[in-house]
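Next come the chains, spelled out residue by residue.
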Amino acid sequence: MTASDQIKDTVTSHDVVLFMKGTKTMPQCGFSSRVAGVLNFMGIEYTDVNVLADDQIRQGIKDYSDWPTIPQLYVKGEFVGGCDIITEMTLSGELDKLLTDHDIAFDKTAADKIREANG
């Protein structure tokens, strides 16, 4: 199975996937930590893929999305964005809407607290 096939299988088999450096419990870069922190705080169930564990996946995800940086968030098989985009979407409420539109459970109170703290 090619890296592209593995990535496609992963993003289509799980509702929410975060390709990141490290894991959701031990991120290994600040950007991955920020996105994982948002998802964790909001209580979103997601699959984490540690790109540091596999060079083919690390490069493959960049090719798959045509996006040069990691982390990368996917919801229902669709690429959403990296750290800056997820941060902006969280603060604007767009992430709440995306999750609601795709029937992804999350803690709305936690999302509101993030916005209050950064408002």
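The structure displayed is predicted, hence computed values, not measured ones. (Residues numbered from 1 in each chain as written. Predicted model: local features only at pLDDT ≥ 70, side-chain atom pairs only at ≥ 80, totals over all residues. Heavy atoms only, no water.)

A.B. asks: Is there a simple way to think about helix α3 (residues 55–65) in this case?
C.D. replies: Three- or four-residue spacings in an α-helix give side chains the same orientation, since the helix completes a turn every 3.6 residues. Those residues of α3 not exposed but buried are I57, G60, I61 and S65. Across the axial projection of α3, the buried residues extend over an arc of 110 degrees, all falling on one side. For α3, the exposed residues set more than 90 degrees away from the buried face come down to D55, Q56 and D63. Contacts from the buried residues of α3 go to α1 (3–13), β1 (16–20), β2 (47–50), β3 (72–75) and β4 (78–81). The backbone nitrogen of Q56 has a side-chain oxygen 2.8 Å away, supplied by the residue at the start of α3, namely D54. Phi turns positive, to about 60 degrees, at D66, one or two residues after α3. (Buried < 20%, exposed > 50% of the residue type's maximum accessible area, 1.4 Å probe, protein only. Helix = DSSP H or I, 4+ residues; strand = E, 2+ residues; numbered from the N terminus. Arc of directions from axis to C-beta. Contact = heavy atoms within 4.5 Å. Polar contact = N/O pair within 3.5 Å; in protein donor to acceptor, adjacent residues only side chain to side chain.)

A.B. asks: What exactly am I supposed to notice about the packing of aromatic side chains here?
C.D. replies: By convention here, two paired aromatic rings are described through the distance between centres and the angle between planes. Considering all chains together, one arrives at 4 aromatic pairs under this definition. Aromatic side chains W67 and F79 sit 5.4 Å apart centroid to centroid with 55 degrees between the ring planes, which places their arrangement in the tilted category. With W67 in the loop between α3 and β3 and F79 in strand β4, the pair connects residues that are 12 residues apart, well separated along the chain. W67 sits in the partly exposed class, given a relative accessible area of 29%. Ring plane angle 50 degrees and centroid distance 5.4 Å describe the contact between Y74 and F79, whose orientation is recorded as tilted. In this structure an aromatic cluster arises from ring pairing among F19, Y64, W67, Y74 and F79. (Phe/Tyr/Trp six-rings, centres within 6.5 Å; stacked < 30°, edge-to-face > 60°.)

Honestly, that's just the spatial picture; any functional story needs more than this.
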